[in-house]
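# Coordinate inspection notes
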Amino acid sequence: DAIPKAGPDVKAGAVVAMNPQTGAVLGMVSLPSYDNNIFEGKVDDAKYHELLADPTLPLLNRITMGTYPSGSVIKVVMAAAGLQEGIITKNTSIETPPEITIGEWKFPDWKWHTGATNVTRAIAESNNIFFYSLAGGWDKIKGLGVDKLGKYLSLFGFGSKTGIDLPTEASGLVPSPEWKEKYKKEAWYLGDTYHMGIGQGDLLITPIQMAKAVSTIANGGKSLTPQIVKDITSADGQQVRAFAPKVEREGFISTENI
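Residues numbered from 1 in each chain as written. Predicted model: local features only at pLDDT ≥ 70, side-chain atom pairs only at ≥ 80, totals over all residues. Heavy atoms only, no water.

## Considering the packing of helix α4 (residues 128-136) against helix α7 (residues 190-197)
- At a minimum axis separation of 8 Å, α4 and α7 run at an interaxial angle of 120°. In terms of orientation, α4 and α7 fall into the oblique class. Considering the relative orientation of α4 and α7, their crossing is right-handed. Side by side, α4 and α7 meet where Phe131, Tyr132, Ala135 and Gly136 of the first sit next to Leu190, Thr193, Tyr194 and Gly197 of the second.
- Of the residues contributing to the contact of α4 with α7, the split by class is 5 nonpolar, 3 polar and no charged. (Axes fitted to C-alpha atoms, helices over the stretch in contact; angles between N-to-C directions. Helix = DSSP H or I, 4+ residues; strand = E, 2+ residues; numbered from the N terminus. Parallel < 35°, antiparallel > 145°, perpendicular 65-115°, else oblique. Left-handed = near helix turned anticlockwise from the far one by under 90°. Contact = heavy atoms within 4.5 Å. Nonpolar A, V, L, I, M, F, W, Y, C, P; charged D, E, K, R; others polar.)

## A few points about the side chain of threonine 193
- Topologically, threonine 193 is positioned in helix α7.
- Owing to a relative accessible area of 6%, threonine 193 belongs among the buried residues under this scheme.
- Look past the residues within four positions of threonine 193 in its chain and what remains in contact with it is Ala135, Gly136, Gly145, Val146, Leu149 and Trp188. (Buried < 20%, exposed > 50% of the residue type's maximum accessible area, 1.4 Å probe, protein only.)

## Here we look at the packing of aromatic side chains
- Applying the stated criterion across every chain yields a total of 8 aromatic pairs.
- The interplanar angle of 70° and the centroid separation of 5.9 Å between the aromatic rings of phenylalanine 107 and tyrosine 132 together place this pair among those described as edge-to-face. Remark: tyrosine 132 occurs in helix α4 and phenylalanine 107 occurs in strand β5 (residues 105-108); sequence separation between them is 25 residues. With respect to burial, phenylalanine 107 and tyrosine 132 carry one shared label: buried.
- The structure contains a cluster of three or more aromatic residues connected by ring pairs, namely Tyr34, Phe39 and Tyr48. (Phe/Tyr/Trp six-rings, centres within 6.5 Å; stacked < 30°, edge-to-face > 60°.)

## Here's the deal with helix α2 (residues 75-84)
- For α2, a buried count of 8 out of 10 residues is recorded, marking the element as mostly surrounded by other parts of the structure.
- In this structure, the buried side of α2 is in contact with α3 (119-125), α4, α5 (146-155), α7 and α8 (207-218).

Now the structure itself:
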C-alpha cells in the first residue's frame, strides 16, 4: 500500500526494473504513453502529428532518452569511490552541521543530522554535508576531487550509453572543468564538486544508467549491459539464439568496499 499508484494526476515519469545479476530488463514504463495501434498497418498521420506536437513528449522514452540530475541516489556511487580511493574508511566519522560555509557561499543540508556520521549512517540518512565533504573536502575528509569523481562516475557507466538493445539512447553528462569552460565559459568551483557529490549541478543521468549503476552495487561489483531480449525462438518454439549476460567491467570496486 505504500507504493504510489499511477493515476490521472501522474503526468510524466519513468520506471525501470532490472535483474542486477544478469542485466535483464524486466520492465519499463515511460509516461505519458500513447496507443501503439496507430502505427499498425497504414499509419494514422493525423494522430502521429498530434503526438509529435504534444508538449508532454509521449514519444520520448524517458528511461533511455530522458536526462535528469540523479539526486541523492548517486551517493552510493560516491561512497564506493571514497572507500576504494581510501578517502574514507567505514569508520571515518565527522560532525555534520546543518550547513557549511566556504567563503561567501553556503551549502545546506536538508535536515540537521546531529552526532557523528560515518558513511553507513550518511547513506541511510542521505546526509548532504558528509557527501559534500567526500566529493570536495571539508573538515578531516580531504575529498575525492573532480577528476576522481569523473573517473568513478564513468566506471559506473555515467556519461556514456549503456548499450541497451534499443535504437536510441542518451549519454547523459558527467561535467568536468574542461566541459564547463567550453560550454559555459566559466571556471570550475569547489561548489561544482560539492553539487556533483549529491547528484545536483550539471550532472545528468538516464534512468537506465542509474539502474545499471545500482545493479553494480547490488551484484557485488559487475557492470552489466542492460538487455531487453532474453532469447530468440523459431516459429516452432526452438531457441535460435540465447542472450547471455554481458559483463562490461568488474573489480574496479573491491568486494569489501561494495
